[in-house]
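Here's the letter readout for the chains.
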Amino acid sequence: MMRLRRLVPWATKGALGFLVVFHAAIFVVVAGSSGNDGEPRSEPPALLAYRELTIVAPAEVAAGEPFEVTVTGGPAEDLATLVIDGGYGPREVTSVIDNGVAVFEVLPNQGPEAGTALLEVTIGTARINSTVEVLPGEPVDPLDL
């Protein structure tokens with residue numbers, strides 16, 4: 001203790017005891033708040049415990065033109081979500097699933113800008129993605145808003 005006191009001037013019996021008790025209390029709180037109450041932790045839901053998803057999307061589309069994305073398979077859900085990430089931030093489109101098929105109609109104002117865009121469809125816990133190359137059109141004047 002004497003050697004420790006020389007190295008660390010504030011290391012007294014009281015300070016060391018406090019540090020030991022403090023760290024033990026933190027350990028007990030963290031270990032006790034794991035939330036599993038002695039039960040084994042459940043596994044995350046299986047991502048493909050059903051028919052795999054299939055996506056059909058155009059390889060290329062002209063900028064400003066509508067296009068269609070079709071997805072089949074997946075869990076028994078009512079809605080599917082398509083996220084389009086084309087450079088200026090993601091856009092989200094939803095579709096009702098009819099007989100295991102979701103059809104997304106991407107309108108020009110929802111579509112991505114020129115370049116490669118990522119299309120990601122989520123149905124329940126299942127996900128599938130694809131890309132579409134958006135070809136630039138003729139240059140136009142800026143919009144007056």
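Everything below is about the structure printed above this text.
How each quantity is defined
Residues numbered from 1 in each chain as written. Predicted model: local features only at pLDDT ≥ 70, side-chain atom pairs only at ≥ 80, totals over all residues. Heavy atoms only, no water. Core = buried A, V, L, I, M, F, W, Y, C linked by side-chain atoms within 4.5 Å. Buried < 20%, exposed > 50% of the residue type's maximum accessible area, 1.4 Å probe, protein only. Helix = DSSP H or I, 4+ residues; strand = E, 2+ residues; numbered from the N terminus. Pairing = 2+ DSSP bridges. Contact = heavy atoms within 4.5 Å. Axes fitted to C-alpha atoms, helices over the stretch in contact; angles between N-to-C directions.

J.: Quick rundown of the nonpolar core? Include the residues and the values.
T.: Of all hydrophobic cores here, the largest spans 22 residues; its most connected members are Val 69, Val 71, Leu 82, Phe 104 and Val 121. Mapped onto this core, the elements with two or more residues apiece are β3 (67-72), β4 (79-85), β5 (90-98), β6 (101-106), β7 (115-123) and β8 (126-135).

J.: Tell me about the pairing of β8, and please be specific about residues and values.
T.: Where strand β2 (residues 60-62) and β8 come together, three bridges link them in parallel fashion. Within β8, the residue paired with Glu 60 across the bridge is Glu 133. In this sheet, β8 lies alongside β7 in antiparallel orientation, the contact comprising nine bridges. Residue pairing for β8: Glu 120 is matched across the bridge by Asn 129. Joining the antiparallel neighbours β7 and β8 is a turn of two residues, in which Gly 124 adopts a positive phi near 60 degrees.

J.: So what's going on with unusual backbone geometry? Which residues, and what values?
T.: The residue Asn 99 is not glycine, and still its phi comes out positive at about 55 degrees. Tracing the backbone shows Asn 99 in the loop between β5 and β6.

J.: Describe the environment of Asp 78, listing the residues and the values that go with them.
T.: Considering the arrangement of structural elements, one finds Asp 78 in the loop between β3 and β4. You can call Asp 78 exposed: its relative accessible area is 62%. C-alpha of Asp 78 to C-alpha of Asn 99: the two residues are 21 residues apart in sequence and 9.9 Å apart in space. Beyond its immediate stretch of four places on either side in the chain, Asp 78 contacts Ser 95, Val 96 and Ile 97.

J.: Before we move on, could you go through the sheet that holds strand β1 (residues 54-56) and cite the residues and values that matter?
T.: Across the sheet, which stays open at both edges, the eight strands sit in the order β1-β3-β6-β5-β4-β7-β8-β2 with mixed pairing between neighbours. Looking along the sheet, the strands with just one partner apiece sit at the ends: β1 and β2. Averaged over all pairs of adjacent strands, the angle between strand axes in this sheet comes to 25 degrees, irrespective of strand direction. Direction of pairing for β4 relative to β5: antiparallel, over a ladder of seven bridges. Considered in β5, the bridge of Leu 79 is made with Val 96.

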